[in-house]
Amino acid sequence: MSNMYVLKKEGLEEAKINQALEILLVNRKNEFRELSNMVLPKTQSEPVKNWEQFVMNFCLDVNEAFKTWSGDMELNSNSPQKALTILRQLSRDKTSMTQLSHLMNISYDIAEEFKEIYRGF
């Protein structure tokens, strides 16, 4: 696996990132696939390379956005756009807030679990 930009900029070690993601994928492969159906472009003829990393970055974005929404982090100039993007991606073809909150919970939980696994190395 190659670098994950979001994690790398936080100063995390690439080897530990890859190990944590591999472990997480064993237990959460179905959730990763469910999220990939919502956040990856469907118009491409070929699958996205490193789609797992893309989904992981999305989950970390949701996790970070929640900190902003809950008041644990200050708003920044990108906060409104990021929030709207997350909501639009996860709401596509949904008919209720329950469906949306289900995907938001999966995203948040994956990010939290990733951070726990990473800390264990």
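Described in the following lines is the structure provided in the data block. (Residues numbered from 1 in each chain as written. Predicted model: local features only at pLDDT ≥ 70, side-chain atom pairs only at ≥ 80, totals over all residues. Heavy atoms only, no water.)

Topic: the overall build of the protein
Worth spelling out the cut-off: In DSSP terms, a helix is any run of H or I states spanning at least four residues, a strand is any run of E spanning at least two, and both are numbered starting from the N terminus. With a 1.4 Å probe rolled over the protein chains alone, any residue whose accessible area is under 20% of its type maximum counts as buried; one over 50% counts as exposed, and the rest are partly exposed. Per-residue accessibility takes into account occlusion by the displayed protein chains alone, with areas from the Shrake-Rupley method and a 1.4 Å probe.
Looking only at helices and strands, one finds five helices and zero strands in the protein. Of the regular secondary structure in the protein, the N- to C-terminal order runs α-α-α-α-α. Scored against the burial criterion, the 121 residues of the protein give a buried share of 37%. A total accessible area of about 7,600 Å² is found for the protein, and carbon and sulfur atoms account for 50% of it.

Digging into the packing of aromatic side chains
The condition is simple: We call Phe, Tyr and Trp rings a pair once their centres come within 6.5 Å, taking the six-membered ring for Trp, and we label the pair stacked below 30 degrees between planes, edge-to-face above 60, and tilted otherwise.
Enumeration according to the criterion identifies two aromatic pairs in this entry. Centroid distance Phe66 to Tyr108: 5.4 Å. Interplanar angle 70°. Geometry classified as edge-to-face. Of this pair, Phe66 sits in helix H3 (residues 51-69) while Tyr108 sits in helix H5 (residues 97-119); the two residues are 42 residues apart in sequence, bridging distant segments of the chain.

A look at helix H4 (residues 79-91)
To be explicit about the condition: Each helix should span, by expectation, one fewer than its residue count multiplied by 1.5 Å. Residue contacts follow a heavy-atom distance rule, with two residues in contact if any of their heavy atoms lie within 4.5 Å.
With 13 residues, H4 should cover 18 Å at 1.5 Å per step; its first-to-last C-alpha distance of 18 Å lies within 8% of that length. Buried positions along H4 lie against helix H2 (14-39), H3 and H5.

Some words on the environment of Trp69
By the element assignment, Trp69 lies in helix H3. Trp69 sits 10 residues away from Ser79 along the chain, and the two C-alpha atoms are 9.0 Å apart. With near-sequence residues (within four places) excluded, Trp69 lies in contact with Ala83, Ile86 and Met104.

Observations concerning the pattern of salt bridges
Here is the rule: Think of a salt bridge as a Lys or Arg side-chain nitrogen and an Asp or Glu carboxyl oxygen that are within 4 Å of each other.
As enumerated under the stated definition, the model contains seven salt bridges in all. Between Glu64 and Lys82 there is a salt bridge; the shortest N-O distance is 3.3 Å. Remark: Lys82 occurs in helix H4 and Glu64 occurs in helix H3; sequence separation between them is 18 residues. By relative accessible area, Glu64 is classed as partly exposed at 28%. In this structure Lys82 comes out as partly exposed when scored by relative accessible area, which is 27%. The structure contains a network of salt bridges with shared partners spanning Arg28, Glu31 and Glu113.

Overview of the side chain of Glu52
Which entries qualify depends on this criterion: Two N or O atoms count as a polar contact when they lie within 3.5 Å, although within protein this holds only if one can serve as hydrogen donor and the other as acceptor, and sequence-adjacent residues are included solely when both atoms are side-chain atoms.
With respect to the helices and strands, the residue Glu52 is situated in helix H3. In this structure Glu52 comes out as buried when scored by relative accessible area, which is 17%. At a separation of 3.4 Å, a polar atom in the side chain of Glu52 contacts the side chain of Trp51. Among all residues touching Glu52, those that are not within four sequence positions of it are Leu25, Lys29 and Phe32.

Digging into H2
Quick note on the threshold: Note that bend, as reported per residue, equals the angle between axes fitted to the 7 residues terminating at that residue and the 7 residues originating from it.
Compared with the 38 Å implied by 1.5 Å per residue over 26 residues, the 24 Å span of H2 between its first and last C-alpha is markedly short. Of all the bends found along H2, the most pronounced is centred on Arg28 and spans about 85°.

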